[in-house]
Amino acid sequence: MGELTDRAKGLANEAAGNIKQAAGKATDNARLHGEGVAQERKGEAQQAAGKVKGALGDDV
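Residues numbered from 1 in each chain as written. Predicted model: local features only at pLDDT ≥ 70, side-chain atom pairs only at ≥ 80, totals over all residues. Heavy atoms only, no water.

Colleague: I'm lost on the side chain of glutamate 14 in this one. Help?
Modeller: Within the secondary structure layout, glutamate 14 lies in helix H1 (residues 3-26). Although glutamate 14 is buried, it forms no salt bridge, and the closest oppositely charged side chain is arginine 41 at an N-O distance of 7.3 Å. Among all residues touching glutamate 14, those that are not within four sequence positions of it are Gln39, Glu40, Gly43, Glu44 and Gln47. (Helix = DSSP H or I, 4+ residues; strand = E, 2+ residues; numbered from the N terminus. Buried < 20%, exposed > 50% of the residue type's maximum accessible area, 1.4 Å probe, protein only. Lys, Arg positive; Asp, Glu negative; His and termini not counted. Salt bridge = Lys/Arg side-chain N within 4 Å of Asp/Glu carboxyl O. Contact = heavy atoms within 4.5 Å.)

In structure tokens:
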């Protein structure tokens, strides 16, 4: 995947994770909240990978 793809997927995962966290809090569902946290972290990692690829080139 390229830099822009990684960063876009990262943003999408962060947004979905935040929605899951909010839904989990609103419904007092710890499992859903935990899934949201994990998905948000995954998105942050994808964005970081995209930034590294941007700095070093897509061959990373």
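Past the structure itself, the notes keep going.
Colleague: Got a minute to help me understand H1 in this structure?
Modeller: Helical geometry note: an α-helix holds 3.6 residues per turn, so side chains three or four residues apart project in the same direction. Across its 24 residues, H1 extends 35 Å between first and last C-alpha, which sits within 8% of the 34 Å expected from 1.5 Å per residue. Looking at H1, one finds that the buried residues are Asp6, Gly10, Asn13, Glu14, Gly17, Gln21 and Gly24. Buried residues belonging to H1 abut helix H2 (30-56). A positive backbone phi angle near 55 degrees is found at aspartate 28, which sits one or two residues after H1. (Expected span 1.5 Å × (residues − 1).)

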